Amino acid sequence: MARLRGKLHRLAAGALLLAAPAMAPAGVLPEDRADILYHRYSGGGITVEGPSVLVRKSVGDSFSVSANYYVDAITSASVDVVVSGASEYKEEREQKSVSVDYLRGKSTWTASYMESSENDYDASTWSVGVSQDMFGDLTTISLGYSQGKDRIGDSTDPAFSGEVERRNYRVGLTQILSRNALVSLNFETVTEQGFLQSPYRSMRYRTITDTWVLAPEVFPNTRTSNAASVRLKHYLPWRAAAEGHYRFYGDTWGLRAHTAGIGYTHPLPGGKWTLSGSYRFYKQNSADFFSDLFPYEDAQNFMARDKETSALTGHTVGLGASYEFQLPFAPWIKRGTANLHISRMMIDYKEFRDLRGLPPGTVPPGSEPLYSLDATITQLFFSFWF
Amino acid sequence: MLLASLAAVAVAGCGPIEPWVKPYERERLADPIMVLDPDPVSSAYLDHVYEVREGARGATGGAGGGCGCN
Amino acid sequence: MNWTTKPLRALLVTALLSLPAMAVAPQGPAPGFRLETLDGKSVALEDLKGQVVMINFWASWCGPCRQEMPLLDKLYAKYKPMGFTLLGVNVEPDPKLATGFLEKTPVTFPILLDKDSSVSKLYQVAGMPSTVIVDRKGNLRWVHKGYKPGDENAYLDQIRALIREQ
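**A few points about the overall build of chain B**
Counting its secondary structure elements, chain B contains 2 helices and 0 strands. Of all 70 residues assigned to chain B, the portion counted as buried reaches 63%.

**Examining the environment of C:P106**
For C:P106, the location among the structural elements is in the loop between α3 (95-104) and β6 (111-113). Expressed as a C-alpha distance, the spacing of C:P106 and C:D73, which sit 33 residues apart in the sequence, is 9.0 Å.

**Brief notes about the nonpolar core**
If you look at the biggest cluster of nonpolar residues, it comprises 46 residues, and the most contacted ones within it are C:I55, C:F57, C:A59, C:C62, C:V89, C:M128 and C:I159. At the level of elements, β4 (52-58), α2 (63-79), β5 (84-90), α3, β6, β7 (130-134), β8 (140-145) and α5 (151-164) of chain C are the ones that each hand at least two residues to this core. With 6 residues, β4(C) is the single largest residue contributor to this core. By size, the runner-up hydrophobic cluster in this structure holds 21 residues, among which are A:V164, A:A257, A:A287 and A:F294.

**Here we look at the interface of chain B and chain A**
Many authors give the size of an interface as the accessible area that is lost as the parts come together. Of the residues lining the interface, 42 residues belong to chain B; the matching set on chain A comes to 69 residues. Of all the elements in the fold, those that place two or more residues in the side of chain B that touches chain A are α1 (2-14) and α2 (40-53) of chain B. Residues that form the side of chain B that touches chain A fall into these classes: 21 nonpolar, 12 polar and 9 charged.

**Concerning the confidence of the model for chain B**
Mean pLDDT for chain B: 83, with 79% of residues reaching 70 or above. Among the scores for the predicted complex, ipTM is 0.93 and pTM is 0.88.

**Details of the environment of A:D35**
Topologically, A:D35 is positioned in strand β1 (residues 33-43). Sequence-wise, A:D35 and A:F294 are 259 residues apart; in three dimensions their C-alpha atoms are separated by 47 Å. Leave out the neighbours within four places in its chain, and A:D35 touches A:L54, A:F381, A:S383 and B:V41.

**Describing α2(B)**
The terminal C-alpha atoms of α2(B) lie 20 Å apart, and with 14 residues this matches the ideal 20 Å at 1.5 Å per residue to within 8%. Counted residue by residue, α2(B) has 12 buried out of 14 residues, so it is predominantly covered.

**Points about the pairing of strand β12 (residues 222-236) of chain A**
Residues and elements named next belong to chain A. Alignment of strand β9 (residues 181-194) against β12, held across 13 bridges, turns out to be antiparallel. Along β12, the bridge assignment pairs E188 with A227. The pairing of β12 with strand β13 (residues 240-251) spans 12 bridges and is antiparallel. Considered in β13, the bridge of N226 is made with G250. Turn length for the β12-β13 hairpin, with the two strands adjacent in sequence and antiparallel, is 3 residues, and the turn residue R239 shows positive phi of about 65°.

**Thoughts on α5(C)**
Residue and element names in this part refer to chain C. With 14 residues, α5 should cover 20 Å at 1.5 Å per step; its first-to-last C-alpha distance of 21 Å lies within 8% of that length. Residues of α5 that are buried: Y155, Q158, I159 and L162. When α5 is viewed along its axis, its buried side chains cluster within an angular range of 100° and face the same direction. For α5, exposure combined with an orientation more than 90 degrees from the buried face picks out N153, D157 and R164. Turning to α5, the residues buried within the fold contact β4, α2, β5, β7 and β8.

Cut-offs applied
- Starting afresh in each chain, residues are numbered from 1 along the sequence in its written order.
- Here every chain gets a letter starting at A, and every ligand a number starting at 1, in the order they are written.
- Under the rules for a predicted model, residues below a pLDDT of 70 receive no local features and side-chain atom pairs below 80 are neither given nor counted, while totals for whole chains, interfaces and linings still include all residues.
- Each helix corresponds to a stretch of at least 4 residues labelled H or I by DSSP, and each strand to a stretch of at least 2 residues labelled E; elements are numbered beginning at the N terminus.
- Here exposure depends only on C-beta density: within 10 Å of a residue's C-beta, 20 or more other C-beta atoms make it buried, 12 or fewer make it exposed, and intermediate numbers make it partly exposed, the C-beta atoms being placed from the backbone.
- Only buried residues count toward a nonpolar core: Ala, Val, Leu, Ile, Met, Phe, Trp, Tyr and Cys, linked into one set through C-beta atoms within 7 Å.
- C-beta atoms are first placed from the backbone for all residues, and any pair lying within 7 Å is then listed as a contact.
- In the scheme used here, Gly and all other residues not listed as nonpolar or charged are polar, with Ala, Val, Leu, Ile, Met, Phe, Trp, Tyr, Cys and Pro taken as nonpolar and Asp, Glu, Lys and Arg as charged.
- pLDDT measures how confident the predictor is about each residue, on a scale from 0 to 100.
- Here the expected length of a helix is defined as 1.5 Å per residue gap, with one fewer gap than residues.
- Pairing between strands is defined by DSSP: at least two bridges between them are needed.
- Arc definition: directions from the helix axis to the C-beta atoms.

Next comes the structure, spelled out in structure tokens:
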């Protein structure tokens, strides 16, 4: 029974929360806080929900430690699951991470460790980083490095096992531009090698009888990517903040992507409510070895039909509301917020077709409609500062 | 330290440039709405969702800004 | 400047910039100023000659400043009878922000308002908070940039020493 896999776990190892160390502004330790989040993703036949809990506490004057526990409870009857002939499946991924920040003068050193597991994918990542304030605290430079290892299984084939080794290199510069604005530039290189595809997905090729048949994908066993981003945040005179960002991405699989977004935060008079809104645009072209329908068997050395390597365009619109409160019965909690964020993500796949209900022989191969998905992302969380 | 030295060498070579925002002028930058990443648990979760659905990854971080104290 | 001294000078600048919040011992008279207090009175540094004066530059948005305030209040209460005074110079353009903070964390020492940052500029405030100690003769004796828990011990030693000077 083939299932949808690969992405969720692969990326668990990649860049989640404390695997990429949350960089503290150097000079002061990050604030002590606790956050409890309920998250839910629903769309494209998939529902993923679960908690994410973070606690951060300073220890003495120079150290801050944090720990995060995160769960994805997945129910999936996605397009990939359905087309492969499998039935809806349920599973759970559990992720734990810890980090330590050490503050010395204007430098903050961070070390963190993350591990995640589910029944056919285990990942662990070590990260280190340093962040330095300079030039009258107008400039912050940060460097980061992560090293990860994933172990991949196939629940339908106990004999299968794959591995991925991954390294991330990060450089960042944040610059105060004026009393009202700052800009942040970030650059990240990721190199990985090993089994970089999902054991459950397939590609398809056209048969001599002009129908199509599924066959295993063949991915390269290395991938190196570079991403460069710029983010600008500006204070508006009526006490609001506007934000814009852009990221360019390219990798050795031929994927090129542009990400652009804007955001707006507006505290309402009275000091209790804050509203926010955001829009994000994403566009990528397809990987060199992607095709929705290969012309014949073994047409290329590398062949993929993984929809995340297809050309696609995504729009995400988000709205958020936050309410600040005090807890008089717990004076050690300085303040708390209750937050609700709802986003709607709409993805149009430009080269990946929706084969559901259209088995081989029903329509000419390659004439199936292009696939698209809409997903609703809900976050309900409480934050406490102490 | 190496980067700091390189940055200092670069600055020293240009002649003295004074920080154009003084430490006592940072009230807006210190405002909680100007924090680059105010809800780390939420932003990490969204980054995760985007990475799962898209091919691109990386360069989502950022540190700095704030009160510039100490 | 030849090509060997420039990098050396840069490295020295870097080394100094990366030192933690430290006390510097400058020389010379403390620049004079006159500012309004929160209660509307007027205070000039000159009028305080003969006392040891600690000037603390703070803002409600500055975490270490807020952390330091109760400790400064203890210092003020303890040493005031011995000829010591503390001026809390708030550097914010809007005095309501200072009163908002002080309502929750009241202090007994005078709060002065430097709304246009003229005194901050005069004293070349290079970090928040900044604490300056002036001796009985009106000379600048110590400058502290930043605040980390434990700095109050240095303040204690310096104040005691300056109080003994007659």
